[in-house]
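The residues making up each chain are set out below.
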Amino acid sequence: MVQEFLIALGSNLGSEAGGRGETLGAAVAAMAAAGLHLRRLSRFYATPCFPAGAGPDYVNACAAVSGPDSPEALLKILHAIEADFGRERAQRWGSRSLDLDLLALDGAVRPDAETQTRWRMLPPEAQSHETPDRLILPHPRMQDRVFVLVPLADIAADWRHPLTGETVAGMLAALPRQDRAEARPI
């Protein structure tokens, strides 16, 4: 059985490849060149910077890919692509040329349900300065982020969180209407 990874893409600075949208397009090509098989790609969306005021607005998208045997191997590929596009990890939630986040691997929970739940339930005031020391799947903040859920709904609206049972469509519908409206297809 082929494993399917869900990935969020974002840029608010652009790169040598061009502006934000061109950077995401070039990143998709770089993923293919790195051996990832693109199964589905969302539309590109203009979204407000998160957190508000931290920099220019973003262009975001999501992709479903298959490729390596493990999420750790995929994460290594994604980090190498980010570095090739000039990504510097200087500040949590800072501006970036390219952000490639591993959101989910089918219905896998990593490293375990207790750890994933702890990070998913982390209070907002702690999120800005606490970072996990290992890969957490599904991504513990995906249910809170319009800039992830809107494009993810394009390609995986029926994907179900393995611990909460919520679908992407349900998580998106639970967010404020005004926030959902701020993500505009481009």
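Summarised in this report is the structure supplied together with it.

Definitions and limits used
Residues numbered from 1 in each chain as written. Predicted model: local features only at pLDDT ≥ 70, side-chain atom pairs only at ≥ 80, totals over all residues. Heavy atoms only, no water. Helix = DSSP H or I, 4+ residues; strand = E, 2+ residues; numbered from the N terminus. Rg over C-alpha atoms; globule rule 2.2 N^0.38 Å. Buried < 20%, exposed > 50% of the residue type's maximum accessible area, 1.4 Å probe, protein only. Lys, Arg positive; Asp, Glu negative; His and termini not counted. Charge placed at Lys NZ, Arg CZ, Asp CG, Glu CD. Pairing = 2+ DSSP bridges. Core = buried A, V, L, I, M, F, W, Y, C linked by side-chain atoms within 4.5 Å. Contact = heavy atoms within 4.5 Å. 1 Å grid on protein atoms, 1.4 Å probe; cavity = no way out; pocket = protein on both sides within 12 Å on 5 of 7 lines; lining within 4 Å. Points joined across faces, edges and corners; volume = space filled by probe spheres on them. Nonpolar A, V, L, I, M, F, W, Y, C, P; charged D, E, K, R; others polar.

### Structural notes on the overall build of the protein
Phase 1 of the analysis: The helix and strand tally for the protein stands at seven helices and six strands.
Phase 2 of the analysis: Scaling as 2.2 N^0.38, a compact globule of 186 residues should have a C-alpha radius of gyration of about 16 Å, and the protein matches this with 15 Å.
Phase 3 of the analysis: Within the protein, the proportion of its 186 residues that are buried is 45%.
Phase 4 of the analysis: Side chains of the protein carry 19 positive and 23 negative charges; the gap between the two charge centres is 3 Å.

### Structural notes on the pairing of strand 4 (residues 58–66)
Successive side chains on a regular strand alternate, one facing one side of the sheet and the next facing the other.
Phase 1 of the analysis: Within strand 4, nine of the nine residues are buried, leaving the element largely enclosed by the surrounding structure.
Phase 2 of the analysis: Judged by which residues are buried, strand 4 turns out to be covered on both faces: Y58, N60, C62, A64 and S66 on one side and V59, A61, A63 and V65 on the other are all buried.
Phase 3 of the analysis: Judged from the four bridges that link them, strand 2 (residues 37–41) and strand 4 form a sheet pairing that is antiparallel. Paired with H37 across the two strands is S66, which belongs to strand 4.
Phase 4 of the analysis: Two strands pair when backbone bridges link them, and strand 3 (residues 45–47) and strand 4 are joined in this way by three bridges, in the antiparallel orientation.

### Focus on the nonpolar core
Phase 1 of the analysis: Membership of the largest hydrophobic core comes to 23 residues, with the highest contact counts inside it found for L9, M31 and L78.
Phase 2 of the analysis: Within the residue set of this core, elements represented by two or more residues are strand 1 (5–11), helix 1 (20–33), strand 4, helix 2 (71–84) and strand 5 (99–105).
Phase 3 of the analysis: Each residue touching L9, except ones within four places of it in the same chain, is listed here: L24, A27, V28, M31, V59, N60, A61, C62, A63, D99 and L100.
Phase 4 of the analysis: If you look at the next biggest cluster of nonpolar residues, it comprises 21 residues, including L149, W159, L175 and A183.

### Some points on the layout of surface pockets
Phase 1 of the analysis: Within this model, the second largest pocket holds a volume of roughly 340 Å³.
Phase 2 of the analysis: Contributing to the lining of the second largest pocket are 20 residues, with F50, D144, R145, V146 and F147 lying nearest its centre.
Phase 3 of the analysis: Elements supplying a minimum of two residues to the lining of the second largest pocket: helix 4 (124–127) and helix 5 (146–156).
Phase 4 of the analysis: Considering only residue class, the lining of the second largest pocket consists of 11 nonpolar, three polar and six charged.

### Some details on the environment of A46
Phase 1 of the analysis: If you trace the backbone, A46 turns up in strand 3.
Phase 2 of the analysis: Spatially, the C-alpha atoms of A46 and G21 are 9.0 Å apart, while their sequence positions differ by 25 residues.
Phase 3 of the analysis: When neighbours within four sequence positions are excluded, A46 is seen to be in contact with Y58, E182, A183, R184 and I186.

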